[in-house]
Amino acid sequence: MGYEFNFAPVFANFDHLLAGTWMTIQLSFGAMLLGTVVAIVCAVGKTAGPAPLRWAVDTYVEIIRNTPFLIQIFFIFFALPAVGIRMTPNVAALVALTVNVGAYATEIIRAGIESIHRGQVEAGIALGLRRGQIFRYIIMKPALRTIYPALTSQFIYLMLTSSVVSVISATDLAAAGNDIQSRTFAAFEVYIVITAIYFLLSIGFSGLFALVQRRAFNYPLSR
Amino acid sequence: MIRPFGINEFLFILFAVQWTLALSVVAFTGGAVGGLLIALARVSKVAPLRYAALGFIRLFQGTPLLMQLFLVFFGLNIFGVGINPWLAAAIALTLHASVFLGEIWRGCIQAVPVGQSEASWALGLRYYDRMKSIVLPQAAKIAVAPTVGFLVQLIKGTSLASIIGFVEMTRAGQIINNATFDPFTVFGLVAALYFILCWPLSILARRMERRFAVATRR
């Protein structure tokens with residue numbers, strides 16, 4: 001005991017922390033958007049595609065969901081260059097996060113698609129809607145509405161998981177913390193501040209998601 | 001000098017599986033105790049206890065596990081315990097497991113019909129007997145599938161202990177990779193070992209969930 005907390009070196013490097021925070025936000029939103037695209041494609045492939053495609057999607061989802069993110073990012077950053085795929089740390093981080101969240105979101109979106117009653121699609125056909133319209137308005141929109149809470153809590157989990165990309169020297173918030181820590185030796189203080197910033201980010205994210213939900217799905221249910 | 005990846009390298013990684021398992025077992029055991037306390041606090045009649053448990057959960061679910069690991073690791077050092085990756089990882093993962101199991105089990109306790117509690121209350125059972133003999137056994141049945149599912153998340157979470165220097169599977173992989181420069185084989189192998197640990201549990205959880213859904217369908 002008798003430890004004297006010293007937050008001065010942490011706040012002296014606050015611009016560094018802000019840059020890291022901004023990178024974490026960019027990585028998170030980038031992976032959310034790209035991961036959702038991956039997930040929609042995979043979910044459609046799994047519900048409507050031919051058997052080999054379904055099998056491929058299953059393999060992707062099971063491998064990602066049953067191995068740690070840390071190993072996935074090691075594989076993408078260290079092993080892929082051996083077969084000629086080279087990426088900067090930040091790009092590798094974005095790819096790894098996208099691949100990771102894509103697998104989890106695939107399962108979520110698939111559940112949403114399967115919750116749409118067959119009669120809805122038949123009604124759309126009877127009304128003369130085109131395939132694209134049926135997919136967009138009859139399948140995806142209600143499906144996304146149903147699974148929105150599950151999907152967004154997965155996104156917040158993604159943002160927290162993104163702290164792991166600091167191990168491949170990406171320049172995110174956790175990496176900024178490691179940097180300041182190794183220069184100032186105020187490890188505990190640095191990580192308290194960093195953890196607090198992550199906490200604020202997760203509060204901010206859930207606030208933002210609630211706002212989007214109110215605007216995007218602001219129509220009454222039919223039942 | 002670059003070492004080729006041979007049988008000794010393979011065995012080094014394979015033996016590290018025991019540390020991944022040991023950490024998982026410790027965290028799960030500690031997390032089961034902590035989780036039960038948190039779940040009971042969350043459904044308690046005492047408001048401050050409820051809010052304290054909720055605050056604890058929000059705090060831990062709103063911050064990265066990696067940062068929790070760092071805070072425990074450096075915190076132990078500050079409070080005079082010294083640098084001890086094994087202890088730090090065990091504490092941080094136990095807290096992590098407590099919070100998640102607490103939330104899962106809280107849901108299971110609340111899924112037991114209120115009438116069960118009311119009936120045991122009417123029979124004059126006190127809190128301890130009501131929980132032990134009426135509510136928790138019924139909640140436990142619902143809890144098995146999601147608990148097994150969480151076990152997968154916990155095993156994967158132990159890989160982060162490698163970052164604070166605890167030699168489990170991931171760290172063993174890094175050590176071998178630094179000596180052999182064969183990341184494809186090394187991380188492919190480590191990924192495969194995690195998969196072998198986690199996949200059966202995932203399948204088991206899903207199967208139990210499905211069976212339970214069929215059993216409770218009305």
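In this text the structure is predicted, and so the values were computed from the model without any measurement.

What counts as what
Residues numbered from 1 in each chain as written. Chains lettered and ligands numbered in written order. Predicted model: local features only at pLDDT ≥ 70, side-chain atom pairs only at ≥ 80, totals over all residues. Helix = DSSP H or I, 4+ residues; strand = E, 2+ residues; numbered from the N terminus. Contact = placed C-beta atoms within 7 Å. Core = buried A, V, L, I, M, F, W, Y, C linked by C-beta atoms within 7 Å. Buried ≥ 20, exposed ≤ 12 C-beta atoms within 10 Å, placed from the backbone. UniProt positions renumbered as here; feature names shortened; annotations may be inferred. Nonpolar A, V, L, I, M, F, W, Y, C, P; charged D, E, K, R; others polar. pLDDT = per-residue confidence, 0-100.

Thoughts on the overall build of chain B
Helices and strands together make up the secondary structure of chain B, namely eight helices and zero strands. Traced from its N-terminal end to its C-terminal end, chain B shows the element sequence α-α-α-α-α-α-α-α. Considered along the principal axes of its C-alpha atoms, chain B spans approximately 75 × 45 × 25 Å. Intrachain contacts of chain B at a sequence separation of at least 6 include 74% that bridge at least 24 residues.

Here we look at the nonpolar core
In terms of nonpolar packing, the biggest core is built from 119 residues, with A:Ile73, A:Ala93, B:Leu69 and B:Ala89 touching the most fellow members. When neighbours within four sequence positions are excluded, A:Ala93 is seen to be in contact with A:Leu27, A:Ile73, A:Val165, A:Ile168 and A:Ala170.

Notes on the UniProt feature "domain: ABC transmembrane type-1" (unreviewed entry) in chain B
The positions that UniProt labels "domain: ABC transmembrane type-1" (unreviewed entry) are, in the present scheme, residues 17–205 of chain B. Helix makes up 83% of residues 17–205 of chain B and strand 0%. Its end C-alpha atoms lie 22 Å apart.

Things to note about the interface of chain B and chain A
On the chain A side, the residues contacting the 29 residues of chain B number 30 residues. The element that contributes the greatest number of residues to the side of chain B that touches chain A is helix α8 (residues 183–215) of chain B, accounting for ten residues. In terms of residue class, the side of chain B that touches chain A is built from 20 nonpolar, eight polar and one charged.

Topic: the UniProt feature "transmembrane region" (unreviewed entry) in chain B
Residue and element names in this part refer to chain B. According to UniProt, the "transmembrane region" (unreviewed entry) feature falls on residues 12–39, 51–74, 86–105, 140–164 and 184–205. Helix makes up 100% of residues 86–105 and strand 0%. Its end C-alpha atoms lie 27 Å apart. Secondary structure content for residues 140–164 is 72% helix and 0% strand, while the C-alpha to C-alpha distance between its ends is 35 Å.

Overview of the UniProt feature "domain: ABC transmembrane type-1" (unreviewed entry) in chain A
If you check UniProt for "domain: ABC transmembrane type-1" (unreviewed entry), the listed places come out as residues 21–209 of chain A in our numbering. For residues 21–209 of chain A, the end-to-end C-alpha separation is 19 Å, with 82% helix and 0% strand making up the annotated structure.

Observations concerning the environment of A:Leu97
All names here are of chain A. Positionally, Leu 97 belongs in helix α5 (residues 89–114). For the pair Leu 97 and Val 165, spaced 68 residues apart in sequence, the C-alpha to C-alpha distance is 8.6 Å. Those residues in contact with Leu 97 that sit more than four places away from it in its chain are Leu 27, Ala 31, Leu 158 and Ser 162.

Notes on unusual backbone geometry
Residues and elements named next belong to chain A. In the Ramachandran plot, Ser 169 falls in the positive-phi region, its phi being about 60° despite a non-glycine side chain. Its location among the elements puts Ser 169 in the loop between α7 (131–161) and α8 (173–184). Here Phe 185, not a glycine, exhibits a phi torsion of approximately 65°, which is positive. Its place among the elements puts Phe 185 in the loop between α8 and α9 (187–216). With 12 C-beta atoms packed within 10 Å, Phe 185 lands in the exposed category.

Overview of the confidence of the model for chain B
The predicted model of chain B has a mean per-residue pLDDT of 93, with 99% of residues at 70 or higher. Across the interface, the model reports ipTM at 0.92; the global pTM reads 0.92.

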